[in-house]
Every structure is written in structure tokens, then in C-alpha cells.
Amino acid sequence: MPSPAPSSSSGPQRGVLTQWDDAKGYGFVTPEGAGPTARVFVHIKAFGLRPRRPFVGERLSFRVGRDAQGKTRALDVRSLEPRATPVPPPQPAAPRVRDASRVLLLIPLFALLVLAVQLVWGLPHGLWGFYSAMSMASFIVYWLDKRAARQGAWRVPEKTLHLLALACGWPGALLGQQLLRHKSAKPEFLRVYWLMVALNLTVFVLVFTPLGTRLSMRWLAG
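Residues numbered from 1 in each chain as written. Predicted model: local features only at pLDDT ≥ 70, side-chain atom pairs only at ≥ 80, totals over all residues. Heavy atoms only, no water.

Peer 1: An account of the packing of helix α2 (residues 106-120) against helix α4 (residues 158-179) is needed here, citing residue identities and associated values.
Peer 2: Their axes nearest at 10 Å, the elements α2 and α4 cross at an angle of 160 degrees. One finds that α2 runs roughly antiparallel with respect to α4. With respect to the hand of their crossing, α2 and α4 are arranged in left-handed fashion. Note on element contacts: α4 touches α2 through W170, P171, L174 and L175, opposite L106, I107 and F110. Partitioned by chemical class, the residues of the contact of α2 with α4 number 7 nonpolar, no polar and no charged. (Axes fitted to C-alpha atoms, helices over the stretch in contact; angles between N-to-C directions. Helix = DSSP H or I, 4+ residues; strand = E, 2+ residues; numbered from the N terminus. Parallel < 35°, antiparallel > 145°, perpendicular 65-115°, else oblique. Left-handed = near helix turned anticlockwise from the far one by under 90°. Contact = heavy atoms within 4.5 Å. Nonpolar A, V, L, I, M, F, W, Y, C, P; charged D, E, K, R; others polar.)

Below, the structure is given as C-alpha cells:
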């Protein structure tokens, strides 16, 4: 447990960000001239709008205050670092436009599959609407996460994006990846995404086609 932080003060102080958890959006600032354990809690909201995320070792100006529960925390945090941002690491090359158009063909192909199943065996009322609604929700979440990434704001967990894809929102997620150029160059993310697509399509076939029924009966009989 950190030692008690300095008492509240209305005047600005200077310090260094000595601990930061970017996933949770909080960390600790060590004021100038204080011991290493005299840390002040700081939340991402105290930084306001800024072009980059906080990082360990960043020199800061802040004011010590208290939250609604009376706990000490840093407020009105401002960076004292030069405005130039570090050069980001090289990113993998984005897929070619031709490759993007090819992968987007999966959406009309799936629509044709759903239409064929509807005409031959019938589908529950509202299934088309559910896929459309979930796809729209997925696209909107991808857009919000893309905007948050540009602004250095709180990001949408990747687990949430994968759950939306599994819950019939994968067509909208695919549009978000290709049209917004978001999450389209992360191999680890894409592997899980395509697994979600495969699971969703497998469930669709097993539930809504006689082929799935026959396979299920054979598996149970075996």
C-alpha cells in the first residue's frame, strides 16, 4: 500500500507519473521532492483531452484534491513533456483494396445462403432483422472504438467486439474492419474474429437446415 499522499492543495505541483495501467485508465504520480512512496492517485479523466496516452516517466503538472469519497487524487493534470510525440512502431501493411473487396464478398454470399434456406426450409420470423440489427450495432461499436483510438480515449475491449461478432454481428464487424480500416491488421484479433464467424455459421447450419439435423443425429447415434 502506498504511503499517505500530500495534503490537499489549491496550488499546482509538479511530479512524475511513476505507475500507469493503460487498460484500467489510472496510475500514480510522485510529486517532486517527495519520497518514492508518497504517491498521488490519478485517473485518466484528470488529463482531459490530449493527443496521446499517459506514459510512465512523463513529467506532469497537477493539483492535489479529493473525490466525492474524500480520497486524495490528482486533478487538472497537464503534461510538461515536449509536444513532439515518439515515433510509433511500424505497423503491418494494410491489405490491398482488391483483397478487401474479396473478403467483403462473404456478406452477399451469406445473404444468398440465408435466402436459399428461407425459400427451401423456412426460417423464423425476425432472423433477418436480428442479423441486420446486430451487424449495425457491431459497425457502430467499431466506429466508436476507432474514434477512441484516435483521441486516446477509453477503448472498447476486444472481447466485446468478438462477442458481437459471435452474436450474429459479424457482417457489420467485417464492414467495420474493411471500410474503417480498424482491427484489420492485427493477426491475433483476426484469428479470433474468424473463429467467431465459423462458430456462428456452424450454429446457423446445425439449427436451420436438415443437413445440420442429420449430422446431429449421426453424432448422437455414434
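Peer 1: Report on the packing of aromatic side chains, specifying residues and quantitative values.
Peer 2: Think of a pair of aromatic rings as described by two things: how far the centres are apart, and how the planes are tilted against each other in angle. Tallied over the full model, the rule gives 8 aromatic pairs. Among the aromatic residues, ring-to-ring pairing joins F110, Y131, W170, F204 and F208 into one connected group. If you follow K183 out to its NZ or CZ, it ends over the ring of F189, 5.4 Å from the centre. (Phe/Tyr/Trp six-rings, centres within 6.5 Å; stacked < 30°, edge-to-face > 60°. Lys NZ or Arg CZ within 6 Å of the ring centre and 35° of its normal.)

Peer 1: So what about the nonpolar core? Which residues, and what values?
Peer 2: Inside soluble globular proteins, nonpolar side chains tend to come together where they are buried. In this structure, L123, Y131, Y142, W170, F189, Y193 and F204 are the most contacted members of the largest nonpolar core, which totals 24 residues. Where this core is concerned, the elements lending two or more residues are α2, α3 (127-151), α4 and α5 (187-208). When residues in this core are grouped by element, the largest group, 7 residues, is from α4. Filtering out sequence-adjacent residues up to four positions away, Y193 remains in contact with H162, A165, W170, A173, L174 and Q177. L17, V40, F47 and F62 belong to the second largest nonpolar core, which has 13 residues in total. (Core = buried A, V, L, I, M, F, W, Y, C linked by side-chain atoms within 4.5 Å. Buried < 20%, exposed > 50% of the residue type's maximum accessible area, 1.4 Å probe, protein only.)

Peer 1: Any chance you could break down the environment of V141 for me, citing the residues and the numbers?
Peer 2: Topologically, V141 is positioned in helix α3. Residue classification places V141 among the buried positions, given a relative accessible area of 19%. Spatially, the C-alpha atom of V141 lies 8.7 Å from that of G176, the residues being 35 residues apart in sequence. In contact with V141, other than residues within four places in its own chain, are V156, L161 and L164.

Peer 1: Residue-level account of the side chain of R52, with values.
Peer 2: As for its position among the elements, R52 is in the loop between β3 (40-43) and β4 (59-66). In this structure, R52 is buried with no salt-bridge partner, the nearest side chain bearing the opposite charge being E58 at 4.6 Å. Looking at R52, its side chain comes within polar contact range of the main-chain oxygen of P82, at 3.2 Å. (Lys, Arg positive; Asp, Glu negative; His and termini not counted. Salt bridge = Lys/Arg side-chain N within 4 Å of Asp/Glu carboxyl O. Polar contact = N/O pair within 3.5 Å; in protein donor to acceptor, adjacent residues only side chain to side chain.)

Peer 1: How would you sum up the sheet that holds β4? Please name residues and give values.
Peer 2: Ordered in space as β3-β2-β1-β4-β5, the 5 strands form an open sheet in which the pairing is antiparallel. The open sheet has two free edges, formed respectively by β3 and β5 (72-79), since each of these has just one partner strand. Within this sheet the neighbouring strands show an average axis-to-axis angle of 50 degrees, counted without direction. Note: strand β2 (residues 26-31) against β3, 4 bridges, orientation antiparallel. By the bridge assignment, Y26 is partnered in β3 with H43. (Pairing = 2+ DSSP bridges.)

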